[in-house]
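What the coordinates show
As a plain string of letters, each chain reads:
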Amino acid sequence: MSKMKTRREFLKNSLFAVGAACACKPEIHFAATTWLPSLKDIHIVNVDADFEREPLIRPFGFKGGALSELWQVASYLESDSGQHGIGLSTQSVLWSDAKIFSSHSESGGNSLMYTLTEKAIQLLRGRSFRTPIDLLDAIYPEVLAYGQTITSNPDLRKTFVLNALVGIDNAAWLLYARENGFTTFDEMIPPIYKDTFSSRHDKIASIPLIPYNIPLQEVEATADQGHFFMKIKIGQAGSQAEMLEKDKMHIREIHQTIGHKRNPYTKEGRVVYYLDANGRYEQKDTFLKLLDYTKKIGAYDRIAIIEEPFPEEMECDVTDIPVRLVADETAHTDQDTLKRIQMGYRAIALKPIAKTLSMTMKIAKLAQEHQVPCFCADLTVNPILVEWNKNVAARLQPFPGLGNLSLLESNGSLNYLQWDKMMDYHPQKSKKWVNPINGLYHVDDDFYKTSGGIFDSIPHYETLFAGKKKIMSK
């Protein structure tokens, strides 16, 4: 895996040049913490960031576009006590803001998101915090405003900013845990969120992803491996009429290929479908035509959930749609999540690996208060981030219709060209809970004891920062 050769030139000539345009910034006031009076005040003295580019096996299509690579960003935070945390993130510009993706080159869009990470790192120099949620609350407004400036887009999606902050947030959680002596994910959860993450599953259903252009033999092989909750990308490129016809054919071919497969976990023991439209259906009538077609081919009763059928700006009541609709991108924050629940969305796709763990805790708590089930969706992240997602999924309430199982999507192994190499970075790669077996992650006591390895030192990423001069606080 090669690093971008012109990274330093890029940082010097692009990031800081843009930063100069927004040098004047308002005073930041940190959110008050009332959880535990004994928490340490953590003072950040050193910061750094770096990234690597990971190619995909084939163009990964959704939202009418396609990715060819995903940038893996590492963020470094060090406190005045000498403790440090390295947090990872996977950038997905197409997922987080399709308009930014379509109006720039793929590398250009990634550069803009990395610019936000760099800006946030600069904001942390010399800052103190008690919890990562405080830290996110403190810097988020300014990073959002900066993003609106550098993209010349006052309507920049909040998910674009949150995606840029994931690695920083993860680094803050690791530093927070080390400063306060927390050694497990359970210990690290603040008291007001513990009830939300109080389950302790021993099995999690693994959700694979079926994109537009995947060969049908790979779809069948995935089902033969025991997977039974299939995420199918719909909302293909073209006009609304063209998209509808393409989606019909895509669902029909998949249903004909795997519709007969059996499993012991779902109603009637059949494979079920999770359709993800990524907001591509501009009219409810067009969407209902798709549902009518699934009835004709016998696939309708297999549809467990449908994610984001409509554009975010189409704030319509969806209580008349009989299938359980899921909010994902439009549930940027807890406030946005509440709006979607009020519109009739009946499940929330959590993305701690795309919207930060800090924001995810707020979203999950609100959903629980409104008795709306949650599960963890992927962003085609690296193996380490899968474990962050898994730690959340393992502690959620069971998903309706699956007995005592929660849900976790992970599709990196199907999409990264060098997945095996990335897996080598995983500090617990040989453990049985790392990979799904017969469609399930088996999360045992060892998983909970080690928290999936997220607290372990990872030599590959430590090496990225070893011997480098950090940006020192003033």
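Residues numbered from 1 in each chain as written. Predicted model: local features only at pLDDT ≥ 70, side-chain atom pairs only at ≥ 80, totals over all residues. Heavy atoms only, no water.

Comments concerning the domain arrangement of the chain
To be explicit about the condition: The domain limits used here are those given by an automatic or database domain assignment. Residues are treated as being in contact if the distance between any of their heavy atoms lies within 4.5 Å. Values labelled buried area give the accessible surface lost by two parts on being combined, using a 1.4 Å probe and summing over both.
Domain annotation for the chain reports domain 1 (42-181) and domain 2 (191-456). Centre-to-centre, using C-alpha coordinates, domain 1 lies 23 Å away from domain 2. Counting residues at the interface gives 35 residues for domain 1, matched by 50 residues for domain 2. Around 3600 Å² of area is buried between domain 1 and domain 2 when both sides are counted, 62% of it from carbon and sulfur atoms.

Comments concerning the layout of surface pockets
The line we're drawing: The rule is simple: put a 1 Å grid over the protein atoms alone, call a set of points where a 1.4 Å probe fits but cannot get out a cavity, call an open set with protein on both sides within 12 Å along at least five of seven lines a pocket, and count a residue as lining if it has an atom within 4 Å of a point. Grid points are joined across faces, edges and corners, and a volume is the space filled by probe spheres set on the points. Runs of E in the DSSP output that reach at least two residues are strands. Runs of H or I that reach at least four are helices, and both are numbered from the N terminus. Asp, Glu, Lys and Arg are counted as charged, while Ala, Val, Leu, Ile, Met, Phe, Trp, Tyr, Cys and Pro are counted as nonpolar; the rest, among them Gly, fall into the polar class.
The computed volume of the largest pocket comes to approximately 770 Å³. Contributing to the lining of the largest pocket are 29 residues, with Ala98, Lys99, Arg157, Glu312 and Glu313 lying nearest its centre. Secondary-structure elements contributing two or more residues to the lining of the largest pocket are helix H3 (98-102) and helix H5 (132-150). At four residues, the largest contribution of residues to the lining of the largest pocket is made by H3. The residue makeup of the lining of the largest pocket, split by class, is eight nonpolar, nine polar and twelve charged. Shared between two domains, the lining of the largest pocket takes at least three residues from each, and those domains are domain 1 (42-181) and domain 2 (191-456). Roughly 510 Å³ of volume is contained in the second largest pocket. Lys267, Val272, Asp301, Ile303 and Ala304 are, among the 21 residues lining the second largest pocket, the residues nearest its centre. Looking at the lining of the second largest pocket, the element that brings in the most residues is strand S9 (residues 303-307), giving three residues. Of the residues belonging to the lining of the second largest pocket, the class tally is eleven nonpolar, three polar and seven charged.

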